[in-house]
Amino acid sequence: MPETPAPRTRRPHRVVVLALDGVLPFELGITQRIFTRAKDTLGRPLYEVVTCSVREPGPVETDADFAVLIRNGPEALATADTVVVPASYERGPVLDEGVLTDELAAAFAQVRPGTRMVSICTGSYVLAAAGYLDGRPATTHWASAEHFQRLFPKIKVDADVLYIDDGDVLTSAGVAAGIDLCLHLVRRDHGAAVANEVARRTVVPPHRDGGQAQYIHRPVPEPQLATTTKARAWALARLHEPLQLRDLAAQEAMSVRTFTRRFREEAGVSPGQWLTQQRVERARHLLESSDLSMDQVARESGFGTAQSMRQHLQTALGVTPTAYRRTFHATNPQGTGRTPQARPAEAGAGRPTQGAVSRRRRGPADAGRGQPT
């Protein structure tokens, strides 16, 4: 009796992280922490993370009082599916003049065409100097945005967002925004369920929309002031119900005006935008994990009708609920799928539409059922 052939397994997506002198250890560790925690339904790793230098293997200085030993040289870049450039505080031609050093130029010459390019914080300077951001939207740390724009006038700099997804090139704001961007990539590649599990293991919020402001003047409320935490928890338990702004404000015994101001200070978005984001996440989860009909998913996630849900998911994800389920449903024989592609008319210039979502500062006009106005 012939043996049953072993099932084909997909090679993990290879992420190559470029560690430059002066690299920030926190940003360097983000990719390892997020991507290596992503597993498929059988517990197999979905990513392989490799760190490399622009020189031969050896120590690379950080901005702290220690160096890191990098075991791979620039040739690793030729094997990458995704290249990530974390922030570095090493001054030089890249940061001062907007041009690559000879070492960097030689390293980037090894990157294969079509490789996805990602920067964290001021790693955007490196991608910009290499020409990857010309004519594209991009972000960086808010404190460097003005200088970044002067140095690279061809780039459409947006200093007011956490990250920007422009298809095959993605940039993030500073520090923790790199976590948001990496989780966004996991979600884009393999769906919300996988990204949520990574976030749960990392003990971070599973989703902060890219369009949130990266710099909020009062990110932490003063201790003596009430917060909106209770209202958000109350709303999350009732996403399927029609929720009005006055209902949320009542949970904190605040006026609508005070609640709206306090909410934006804490969350970086309006209550209506936040509710829309949470309902989109609920819809994604149900589309991935259940066999509910589109009407049932729409009701359970608070959109009311399948048409309303379709509009919101198309705005947020660039695809229809049907296409999303087809790609990411748990019974998909591929296990976890690739990002569904939107129609070319939506994507613009043939690029995936994720960028349109992540660049968005404001959501749709809170048109879902029961959305605050």
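Structure's up top.
Note that this is a predicted model, so its numbers are computed, not measured.

Thresholds, definitions, all that
Residues numbered from 1 in each chain as written. Predicted model: local features only at pLDDT ≥ 70, side-chain atom pairs only at ≥ 80, totals over all residues. Heavy atoms only, no water. Helix = DSSP H or I, 4+ residues; strand = E, 2+ residues; numbered from the N terminus. Contact = heavy atoms within 4.5 Å. Areas by Shrake-Rupley, 256 points an atom, 1.4 Å probe, with all protein chains shown as cover. Salt bridge = Lys/Arg side-chain N within 4 Å of Asp/Glu carboxyl O. Buried < 20%, exposed > 50% of the residue type's maximum accessible area, 1.4 Å probe, protein only. Axes fitted to C-alpha atoms, helices over the stretch in contact; angles between N-to-C directions. Left-handed = near helix turned anticlockwise from the far one by under 90°. Phe/Tyr/Trp six-rings, centres within 6.5 Å; stacked < 30°, edge-to-face > 60°. Core = buried A, V, L, I, M, F, W, Y, C linked by side-chain atoms within 4.5 Å. Pairing = 2+ DSSP bridges.

(A) The overall build of the protein, seen in detail. Regarding its fold elements, the protein presents 16 helices and 10 strands. Across the protein, contacts joining residues at least 24 apart in sequence account for 66% of those joining residues at least 6 apart. For the protein, the exposed area adds up to about 17400 Å²; of that, 53% sits on carbon and sulfur atoms.

(B) Just the pattern of salt bridges, in detail. The full count for this structure, using the stated rule, is 17 salt bridges. For the salt bridge of R136 with D168, the shortest nitrogen-to-oxygen distance reads 2.9 Å. Highlighted residues: R136 in the loop between α4 (124-129) and β7 (137-138) and D168 in the loop between β9 (163-165) and β10 (169-172), separated in sequence by 32 residues. Of the residues examined, R136 reaches a relative accessible area of 10% and is grouped as buried. We classify D168 as partly exposed; its relative accessible area is 33%. What you see here is one network of salt bridges that share partners, running through R11, D81 and R112.

(C) Quick peek at the packing of helix α8 (residues 229-236) against helix α11 (residues 271-289). Viewed as axis vectors pointing N to C, α8 and α11 meet at an angle of 35 degrees, and their least axial separation amounts to 11 Å. In terms of crossing hand, the pair formed by α8 and α11 is right-handed. Here R232, A235 and L236 of α8 lie close against α11, whose contacting residues are W274, L275, Q278 and R282.

(D) Expanded view of unusual backbone geometry. Even without being a glycine, C121 presents a positive backbone phi close to 60 degrees. Among the secondary structure elements, C121 is positioned in the loop between β6 (116-119) and α4. A relative accessible area of 4% places C121 in the buried class. Even without being glycine, V203 reaches a positive phi, approximately 60 degrees. Positionally, V203 belongs in the loop between α7 (192-202) and α8.

(E) Quick peek at the packing of aromatic side chains. This model, assessed by the stated rule, comprises eight aromatic pairs. Between the aromatic rings of F108 and Y132, the centroid separation amounts to 5.9 Å while the plane-to-plane angle is 55 degrees, which identifies the pairing as tilted. Of the two residues, F108 is situated in helix α3 (residues 102-108) and Y132 in the loop between α4 and β7; the sequence distance between them amounts to 24 residues. Ring centres 4.8 Å apart and planes at 50 degrees place the aromatic pair Y324 and F328 in the tilted group. You can see Y324 and its partner F328 sitting in helix α14 (residues 321-328), four residues apart, about one turn around the helix. Here the two residues Y324 and F328 agree in accessibility, since each one is buried.

(F) Region of interest: the environment of H240. Relative to the assigned elements, H240 resides in the loop between α8 and α9 (245-251). Each C-alpha atom of the pair H240 and V297 lies 9.5 Å from the other, and the pair is 57 residues apart in sequence.

(G) Seen up close, the nonpolar core. V15, I34, F35, A38, Y47 and V186 are the most contacted members of the largest nonpolar core, which totals 35 residues. Of all the secondary-structure elements, those providing two or more residues to this core are β1 (13-18), α1 (25-35), β2 (47-52), α6 (177-190) and α7. The element that contributes the greatest number of residues to this core is α6, accounting for seven residues. Setting aside chain neighbours within four positions, we find V186 in contact with I34, F35, A38, Y47, G191, V194 and A195.

(H) Geometry of the pairing of strand β5 (residues 82-85). What you see with β5 is no split at all: T82 and V84 on one side and V83 and V85 on the other are buried throughout. Note that β5 and β6 share four bridges and pair parallel. Paired with V84 across the strands is V118, a residue of β6.

By themselves, these observations are geometric and do not establish any function.
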